[in-house]
Amino acid sequence: MAAEGGGKEMNEIKTQFTTREGLYKLLSHSEYSRPNRVPFNSQGSNPVRVSFVNVNDQSGNGDRLCFNVGRELYFYIYKGVRKAADLSKPIDKRIYKGTQPTCHDFNHLTATAESVSLLVGFSAGQVQLIDPIKKETSKLFNEERLIDKSRVTCVKWVPGSESLFLVAHSSGNMYLYNVEHTCGTTAPHYQLLKQGESFAVHTCKSKSTRNPLLKWTVGEGALNEFAFSPDGKYLACVSQDGFLRVFNFDSVELHGTMKSYFGGLLCVCWSPDGKYIVTGGEDDLVTVWSFVDCRVIARGHGHKSWVSVVAFDPYTTSVEESDPMEFSGSDEDFQDLHFGRDRANSTQSRLSKRNSTDSRPVSVTYRFGSVGQDTQLCLWDLTEDILFPHQPLSRARTHTNVMNATSPPAGSGGANPGSNGNSITTPGNSVPPPLPRSNSLPHSAVSNAGSKSSVMDGAIASGVSKFATLSLHDRKERHHEKDHKRNHSMGHISSKSSDKLNLVTKTKTDPAKTLGTPLCPRMEDVPLLEPLICKKIAHERLTVLIFLEDCIVTACQEGFICTWARPGKV
């Protein structure tokens, strides 16, 4: 480890790393890129993204991968750890003019060896449905850009559906489409369906059914990413305004919210059992949020720049019972879970058994990873002492470091009313609760924060001093900039409900009011995780992290997709 402190060695790119499972190795022959292998000059270009699908062909080589680089989109057979990549024969290659691919998603339900449905979002707002095996383009949505003119930030099939898909834009809007319907030749007219704290959902008013079926307006600024829960019932969205918002997708209800420490949130993912959500963003942190308790339970600090992707590793997430059963390699248990199709399997039942009052000792560890613009890969373990802090803590806190031991972590049960950590009470409580379990929307604590401004100011001062790089002055300036952009981009919405829309977007949340509340606890009030490993693995910023059964896949902005063999899988 000593060598890593040196000046020259620091910039060396790692080709292997070791965790408790063993050695992960970069397979140089399994690198995918453009056929000429020339690094792509990525200045000003959209992030490289990778999508996988398994077409279940008989040869046992059913994995297919799609990736975008600049104006180009490639579709290859993915040979993983088994064979070298053959870049001379992409199954499909497309070059676009005037607009660039920004994101894509396969429909896992309909994929066969003869046909796959791939959605591709573009920088000018369109969405294309293509079949790279049949080499056909079946449909183009938002073709005239009448629905939304801004960049597509995220596109995903609705879990369990062969025809519905959801598209997010940098305008802050999301649209629900059906592949069977057309988009119409005029701009859509909308009718308000539901409205809540900084979100509104509209239906499309038309005589015949047309796309979009629904329009969601969420938060302020770009909607950077969304992710469906493993059971498909909930939708987690992260936005440039720094908020995570979790919705019940069918009933269009807001389940809970969380605010970044500062800056926008860029990425989001769910644990395999749907109990935890991890986000990453411009505060260089990863934040772990409990879905059940609607609260931040930990933050992780290891990246030196913005965090671009977070992902759970379902194959290393382990549940040990008194007769230890590790889950590192069992594929069928996690196969369905990995594609978010089925939640009721044995891991799920074991994880829920851990949370029941069963007397048998069961320990659970969630593994997740993150990659960032600092070209580093971090792996993290979410362990018992963080997940269940109100139980007697084991003294050996592995990879967990609470920044300020004097105030107990939120929810440790030992909070005395005078402690720094819990000085802000939630409305209606005379004594600070040990756990801010607000299933009602956690903004209730914000609404009465004005009366406690003196406490808040102190809280902000102590919170910000941890990150000396960010002064309050900066924060206000950045906020105004974003507001300006946002209101500007709302200008093209012309519909009868535009007043209502403006009403929604103009309810600003002052970051100063959220710090120190359950929405955004101060740094010293939640455990701070340290990464298991933190390695520089690329020359350019990292944009992809995907956990597969026998490998980890990463990609950087130069257009190189790398395969890291798991221990014993070479």
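Here the structure is a predicted model, which is why all the values come from computation and not from measurement. (Residues numbered from 1 in each chain as written. Predicted model: local features only at pLDDT ≥ 70, side-chain atom pairs only at ≥ 80, totals over all residues. Heavy atoms only, no water.)

### Some remarks on the overall build of the protein
So the rule is basically this: Only DSSP runs of H or I with at least four residues qualify as helices, and only runs of E with at least two residues qualify as strands; both kinds are numbered from the N terminus onward. Three labels apply to residues, based on accessible area from a 1.4 Å probe with only protein chains included: buried if under 20% of the type maximum, exposed if over 50%, partly exposed otherwise in between. Only heavy atoms matter for contacts: two residues are in contact if any of them lie within 4.5 Å across the pair. Residue burial considers only the protein chains on display, and all accessible areas are found by Shrake-Rupley using a 1.4 Å probe.
Secondary structure assignment for the protein yields nine helices and 34 strands. Scored against the burial criterion, the 570 residues of the protein give a buried share of 56%. Sequence separation of 24 or more characterises 59% of the internal contacts of the protein that already satisfy a separation of 6 or more. About 23,300 Å² of surface is accessible on the protein, with carbon and sulfur atoms providing 51% of the total.

### Comments concerning the pattern of salt bridges
The line we're drawing: For salt bridges, the criterion is a side-chain nitrogen of Lys or Arg within 4 Å of an Asp or Glu carboxyl oxygen.
Going through the model one piece at a time under the given rule, you end up with 14 salt bridges. Between Arg 522 and Asp 525 there is a salt bridge, with its nearest N and O atoms 3.7 Å apart. Asp 525 shares its class with Arg 522; the two are buried. Put simply, Arg 20, Glu 21, Arg 367 and Asp 381 are held in one network by salt bridges that share partners.

### A few points about the side chain of Gln 126
By secondary structure assignment, the location of Gln 126 is in the loop between strand E8 (118-122) and strand E9 (127-131). With relative accessibility at 14%, the residue Gln 126 sits in the buried group. With sequence-adjacent residues up to four places away left out, Gln 126 is seen in contact with Thr 99, Val 120, Gly 121, Leu 140, Phe 141, Asn 142, Glu 143, Arg 145 and Val 152.

### A short note on the pairing of strand E25 (residues 307-312)
In plain terms, the rule: By the convention used here, strands pair only if DSSP detects at least 2 bridges between them.
Taking burial as the measure, the six residues of E25 include six buried ones, the bulk of the element. The pairing of E25 with strand E27 (residues 363-372) spans five bridges and is antiparallel. In the strand pairing of E27, Val 309 is matched with Val 371.

### A word on unusual backbone geometry
That bond from Asn 211 to Pro 212 is cis: its omega, -5 degrees, falls within 30 degrees of zero. The phi dihedral of Asn 142 is positive, around 55 degrees, even though this residue is not glycine. Of note, Asn 142 is situated in the loop between strand E10 (136-141) and strand E11 (152-157). By relative accessible area, Asn 142 is classed as buried at 1%. Here Ser 198, not a glycine, exhibits a phi torsion of approximately 55 degrees, which is positive. Among the structural elements, Ser 198 can be located in the loop between strand E14 (189-196) and strand E15 (199-205).

### Overview of the sheet that holds E10
To keep it simple, the criterion reads: Note on definitions: angles span 0 to 180 degrees between N-to-C directions of axes, and those axes are lines fitted to C-alpha atoms, for helices only across the stretch in contact.
Taken together, the four strands give an open sheet; going across it, the order is E7-E8-E9-E10, and neighbouring strands pair in antiparallel fashion. In this open sheet, the two strands that pair with only one neighbour each are strand E7 (101-106) and E10. Each neighbouring strand pair of the sheet contributes to a mean axis angle of 20 degrees, computed without reference to strand direction. By the bridge criterion, four bridges tie E8 to E9 in an arrangement that is antiparallel. Counterpart to Val 120 in the pairing with E9 is Gln 128.

### Details of the UniProt feature "repeat: WD" (unreviewed entry) in the protein
In plain terms, the rule: UniProt positions are given in the numbering used here, feature names are shortened, and annotations may be inferred rather than shown by experiment.
Within this structure's numbering, the places UniProt gives as "repeat: WD" (unreviewed entry) are residues 258-290. The span residues 258-290 shows a helical share of 0% and a strand share of 61%, and its end C-alpha atoms are spaced 10 Å apart.

### A look at the sheet that holds strand E5 (residues 72-77)
Read across the open sheet, the four strands follow the order E3-E4-E5-E6; overall the sheet is antiparallel. Looking at which strands have only one partner, the edges of the open sheet turn out to be strand E3 (50-54) and strand E6 (92-95). Ignoring which end each strand starts from, the neighbouring axes of this sheet average 15 degrees apart. When E5 meets E6, the two strands line up antiparallel, connected through four bridges. Along E6, the bridge assignment pairs Leu 73 with Arg 94.

### Notes on the pairing of E9
Of all five residues in E9, five are buried, a share of seventy percent or more. Along E9, one buried face is formed by Val 127, Leu 129 and Asp 131 and the opposite face, lined by Gln 128 and Ile 130, is buried too. The turn linking E8 back onto E9 is made up of four residues, and Gly 125 within it adopts a positive phi angle of 110 degrees. Here five bridges tie E9 to E10, and the two strands are oriented antiparallel to one another. The residue of E10 that forms the bridge with Val 127 is Phe 141. Hairpin geometry of E9 and E10 is characterised by an intervening segment of four residues between the two adjacent antiparallel strands and by a positive phi of about 60 degrees at Lys 135.

### What to know about the packing of aromatic side chains
Put simply, the test is: Aromatic rings from Phe, Tyr and Trp, with only the six-membered ring used for Trp, were paired whenever their centres fell within 6.5 Å, and each pair was classed as stacked if the ring planes differed by under 30 degrees, edge-to-face if by over 60, and tilted otherwise.
Taken as a whole, this structure holds 26 aromatic pairs when the rule is applied. Centroid distance Tyr 32 to Tyr 78: 5.4 Å. Interplanar angle 40 degrees. Geometry classified as tilted. Taken together, the residues Tyr 32 in the loop between strand E2 (22-26) and E3 and Tyr 78 in the loop between E5 and E6 connect sequence positions 46 residues apart. When its relative accessible area of 1% is taken as the criterion, Tyr 32 is described as buried. Owing to a relative accessible area of 1%, Tyr 78 belongs among the buried residues under this scheme. Relative to Phe 291, the ring of Tyr 234 lies with its centre 4.8 Å away and its plane at 70 degrees, an arrangement referred to as edge-to-face.

### Observations regarding the nonpolar core
Inclusion rule: Side-chain atoms within 4.5 Å link the members of a nonpolar core, which is a set of buried Ala, Val, Leu, Ile, Met, Phe, Trp, Tyr and Cys residues.
In terms of nonpolar packing, the biggest core is built from 23 residues, with Tyr 32, Val 50, Leu 65 and Phe 67 touching the most fellow members. Elements with a contribution of two residues or more to this core: E3, strand E4 (63-69), E5, strand E32 (542-547), strand E33 (551-556) and strand E34 (561-565). In this structure, Phe 67 is in contact with Tyr 32, Ser 33, Arg 34, Arg 49, Val 50, Glu 72, Leu 73, Tyr 74, Tyr 76, His 104 and Ile 561, ignoring residues within four places of it in sequence. Core analysis: the next-biggest nonpolar cluster, separate from the first, contains 22 residues, Tyr 276, Phe 312, Leu 382 and Phe 388 among them.

### So, the environment of His 169
Assignment of secondary structure puts His 169 in strand E12 (residues 164-169). Measuring from C-alpha to C-alpha, the distance between His 169 and Glu 225 comes to 9.0 Å, with 56 residues separating the pair along the chain. In contact with His 169, not counting residues within four places along its chain, are Gly 125, Asn 142, Asp 148, Ser 150, Arg 151, Val 152, Thr 153, Tyr 175, Ala 222 and Leu 223.

### Some thoughts on the state of the cysteines
To keep it simple, the criterion reads: When two cysteine sulfur atoms lie within 2.5 Å, the pair is treated as a disulfide.
Counting across every chain of the model gives zero disulfides. Of the cysteine sulfurs around Cys 556, a residue in no disulfide, the closest is that of Cys 562, at 6.5 Å. Residue Cys 562 is classed as buried on the basis of its relative accessible area, which comes to 13%.

### Re the environment of Thr 18
Secondary-structure assignment places Thr 18 in strand E1 (residues 16-19). Residue Thr 18 is classed as exposed on the basis of its relative accessible area of 52%. Placed 548 residues apart in sequence, Thr 18 and Arg 566 show a C-alpha to C-alpha distance of 9.9 Å. Thr 18 has contacts with Leu 23 and Ile 533, leaving out every residue within four places of it along the chain.

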